[in-house]
Amino acid sequence: MTALHDLKVLDCSTLFAGPYAAAMMGDFGAEVIKLEHPSRPDPSRGHGPAKEGRGLWWTSLGRNKRTITANLNTESGRDVFRRLVAEVDVVIENFRPDTLERWDLGFESLKKINPKVVLVRVTGFGQTGPRRRDPGFGTLAEAMSGFAAVTGEPDGPPTLPPLALADGVAGITAAYAAMVALHARDTSGEGQVVDLALIEPLLGILGPQVTIYDQLGVIPERTGNRTQNNAPRNVYRTRDDRWLAVSTSAQSVAERVMKLVGRPDFIHQPWFSSGTTRAQHADELDESVSSWVIERTAEEALAGFAEAEAAASLVYNVADIVDDAQYAALETIKTVDDPHLGPVQMTNVLFRLSDTPGHISFAGRDHGADTTEVLQQLGFSDADITGMRERGDV
């Protein structure tokens, strides 16, 4: 039995944050129904690389979801939505604020249909404030959260991530928020609204920058791969042209690294006694580690750090990830059969539960693949479904 086998989720969101939240709930057994427009499918289906015309991002993002179509601009389409709401526990949407209300599908209307429904609303800027209706994407969240400002080399420009970072963090947060709201429902018997803005979760995981600014007036600056909290902390090139990442967040590890690279004398310096003061001597420490690493192959350097019980890892690319023994032991990579592509590898569920583990049952399905079956389960007759298809309602 899976942990969320008794939950039903209606995913009306597009692109990444909302769909990722729904996928994570589906990973642990929730029945997820993905609702898309009949002629304008989720853009994630065409986002990024494709094989034989099939978007590979959707293959993973759409996993464990039954797919149906309904045009919420039509009354029949809204009827489909309302019948689904009557049966589900969670609705995830990322329309601009007031869109559901314009269709008479806002929370006040939905809770008349299903008082226990949890409505997760994921938008760029939230449901209130001067920018509430502005278009918002992860890039703006990465800029506004302070992430880009502290990412990159000191003499370079702010750096945006080459991936949907803000969306991913928001997706995990949305799944967590939905579970919190469902837990509250166990006591109150009533659902509620989750208002999640893309600009907030990434800000939340960037550490105490707001508190530091409030108390000290300090604005963080770009430090490249270094940090102001400890040193040595960087990536170092090996003799065979690989990169080794080293962290010394613990004082004992920093001492072991200095002994390993032949500079035990640093340990006795007054400034070596804390991560903050070590960071003020990062040039000296980086030079010592870099000189030691560059004389060794990646295998030799890793062996040295392992023997010293110091923290280090090669900087992986995706090929390294797929071949890594630790990831293999964790079963981080899952092979899923796809009816069009055959066996497809993708990242597995994010964590392991001892008694009710998650599972990827199937990859992302075709647009509207389950429409007929779901509509029949909702009580629509074959004649109803035929008429709705002819009118473009589904």
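Just so it is clear, the model here is predicted, and its values are computed rather than measured.

A word on the packing of helix H1 (residues 17-27) against helix H7 (residues 165-188)
Point 1. Between H1 and H7, whose axes approach to 7 Å, the crossing angle comes to 55°. Classified by the interaxial angle, the pair formed by H1 and H7 is oblique. With respect to the hand of their crossing, H1 and H7 are arranged in right-handed fashion. On H7, the residues touching Ala17, Tyr20, Ala21, Met24 and Met25 of H1 are Asp167, Gly168, Ala170, Gly171, Ile172, Ala174, Ala175, Ala178, Met179 and Leu182.
Point 2. Of the residues contributing to the contact of H1 with H7, the split by class is 12 nonpolar, two polar and one charged.

Quick word on the nonpolar core
Point 1. Grouped together as the largest cluster of nonpolar side chains are 32 residues, with contacts concentrated most on Val9, Met25, Val90 and Val120.
Point 2. Where this core is concerned, the elements lending two or more residues are H1, strand S6 (90-93), strand S7 (118-123), H7 and strand S8 (193-197).
Point 3. It is H7 that contributes the most residues to this core, nine residues altogether.
Point 4. Core analysis: the next-biggest nonpolar cluster, separate from the first, contains 27 residues, Ile33, Phe107, Leu119 and Met388 among them.

Notes on helix H13 (residues 298-307)
Point 1. Those residues of H13 not exposed but buried are Ala298, Ala301, Gly304 and Phe305. Around the axis of H13, the buried residues are gathered within 130° of arc, so they sit on the same side. In H13, the exposed residues that point more than 90 degrees away from the buried face are Glu299, Ala306 and Glu307.
Point 2. Looking at the buried residues of H13, the elements they touch are strand S10 (243-246), helix H10 (251-260), helix H12 (282-294) and strand S11 (312-314).

Focus on the packing of aromatic side chains
Point 1. Per the counting criterion, the structure on display carries six aromatic pairs.
Point 2. When the centroid spacing of 5.2 Å and the interplanar angle of 85° are considered together, the rings of Phe95 and Trp103 count as edge-to-face.
Point 3. Each ring, one from Phe266 and one from Trp271, has its centre 5.6 Å from the other, and the planes form 55°; the classification is tilted. Each member of the pair Phe266 and Trp271 is classed as buried.
Point 4. Linked through ring pairs, Phe266, Trp271 and Phe272 together constitute an aromatic cluster.
Point 5. For Arg278, the ring lying beneath its charged end belongs to Phe272, and the centroid distance is 5.4 Å.
Point 6. Lying across the ring of Phe362, Arg365 places its NZ or CZ 3.8 Å from the centre.

A few points about the sheet that holds S6
Strands in a sheet are paired, the pairing made by backbone hydrogen bonds, and the direction either parallel or antiparallel.
Point 1. Taken in spatial order, the six strands line up as S5-S2-S1-S6-S7-S8 in an open sheet, and their pairing is parallel. Strand pairing shows two members of the sheet lacking a second neighbour, strand S5 (65-69) and S8, which therefore form its edges. Strand-to-strand, the axes of this sheet are offset by a mean angle of 20°, without reference to chain direction.
Point 2. Here strand S2 (residues 31-36) pairs with S5 via five bridges, running parallel. The residue bridging Leu35 from the neighbouring strand is Ile68, located in S5.
Point 3. Against the sheet, H1 makes contact with strand S1 (8-11), S2, S5, S6 and S7, and its axis sits at roughly 160° relative to S1, the strand it touches most.

Some details on a nonpolar patch on the surface
Point 1. Residues Ile172, Leu350, Phe351 and Leu353 make up a contiguous nonpolar surface patch of roughly 350 Å² in combined accessible area.
Point 2. Take Leu353: it is sitting in the loop between strand S13 (342-347) and helix H16 (371-377).

Some words on the pattern of salt bridges
Point 1. For the structure shown, the criterion picks out 28 salt bridges.
Point 2. Among the ionic pairs, Asp79 bridges to Arg83, the shortest N-O distance being 3.5 Å. Here Arg83 and Asp79 lie together in helix H3 (residues 75-85), a separation of four residues that amounts to about one turn.
Point 3. Under the relative-accessibility criterion, Arg83 is labelled partly exposed at 29%.
Point 4. The network of salt bridges with common partners includes Asp11, Lys34, Asp42 and Lys65.

Topic: the side chain of Gln209
Point 1. With respect to the helices, strands and loops of the structure, Gln209 is situated in helix H9 (residues 209-216).
Point 2. A polar contact of 3.0 Å, which involves the side chain of Gln209, links it to the backbone oxygen of Ser145.
Point 3. Every residue in contact with Gln209, bar those within four places of it in the chain, is listed here: Ser145, Gly146, Leu203 and Pro220.

Digging into the side chain of Thr248
Point 1. Summarising the element assignment, Thr248 is placed in the loop between S10 and H10.
Point 2. Side-chain polar atoms of Thr248 contact the backbone oxygen of Ala231, separated by 3.2 Å.
Point 3. Discounting residues that sit within four places of it in the chain, Thr248 has contacts with Asn230, Ala231, Pro232, Val253, Ala254, Val257 and Arg278.

Details of the pairing of S6
Point 1. Neither face of S6 is open: one carries Val90 and Ile92, the other Val91 and Glu93, and all of them are buried.
Point 2. Where S6 and S7 come together, four bridges link them in parallel fashion. Bridged to Val90 within S7 is Val118.

Considerations on the pairing of S5
Point 1. Burial within S5 is extensive, with five of its five residues counted as buried.
Point 2. Burial along S5 is two-sided: Lys65, Thr67 and Thr69 facing one way and Arg66 and Ile68 facing the other are all buried.

Some points on unusual backbone geometry
Point 1. Along the chain, Ala231 connects to Pro232 via a cis peptide bond; the corresponding omega equals 0°.
Point 2. Although it is not a glycine, Glu52 sits at a positive phi angle of roughly 55°.
Point 3. Summarising the element assignment, Glu52 is placed in the loop between strand S3 (50-51) and strand S4 (54-55).
Point 4. On the basis of relative accessibility, which here comes to 66%, the residue Glu52 falls in the exposed class.
Point 5. Positive phi, close to 60°, is recorded for Asn64, a residue that is not glycine.

Conventions we followed
- Residues numbered from 1 in each chain as written.
- Predicted model: local features only at pLDDT ≥ 70, side-chain atom pairs only at ≥ 80, totals over all residues.
- Heavy atoms only, no water.
- Axes fitted to C-alpha atoms, helices over the stretch in contact; angles between N-to-C directions.
- Helix = DSSP H or I, 4+ residues; strand = E, 2+ residues; numbered from the N terminus.
- Parallel < 35°, antiparallel > 145°, perpendicular 65-115°, else oblique.
- Left-handed = near helix turned anticlockwise from the far one by under 90°.
- Contact = heavy atoms within 4.5 Å.
- Nonpolar A, V, L, I, M, F, W, Y, C, P; charged D, E, K, R; others polar.
- Core = buried A, V, L, I, M, F, W, Y, C linked by side-chain atoms within 4.5 Å.
- Buried < 20%, exposed > 50% of the residue type's maximum accessible area, 1.4 Å probe, protein only.
- Arc of directions from axis to C-beta.
- Phe/Tyr/Trp six-rings, centres within 6.5 Å; stacked < 30°, edge-to-face > 60°.
- Lys NZ or Arg CZ within 6 Å of the ring centre and 35° of its normal.
- Pairing = 2+ DSSP bridges.
- Patch = residues over 30% accessible without salt bridge, like charges linked within 9 Å, V, L, I, M, F, W, Y side chains within 5 Å.
- Areas by Shrake-Rupley, 256 points an atom, 1.4 Å probe, with all protein chains shown as cover.
- Salt bridge = Lys/Arg side-chain N within 4 Å of Asp/Glu carboxyl O.
- Polar contact = N/O pair within 3.5 Å; in protein donor to acceptor, adjacent residues only side chain to side chain.

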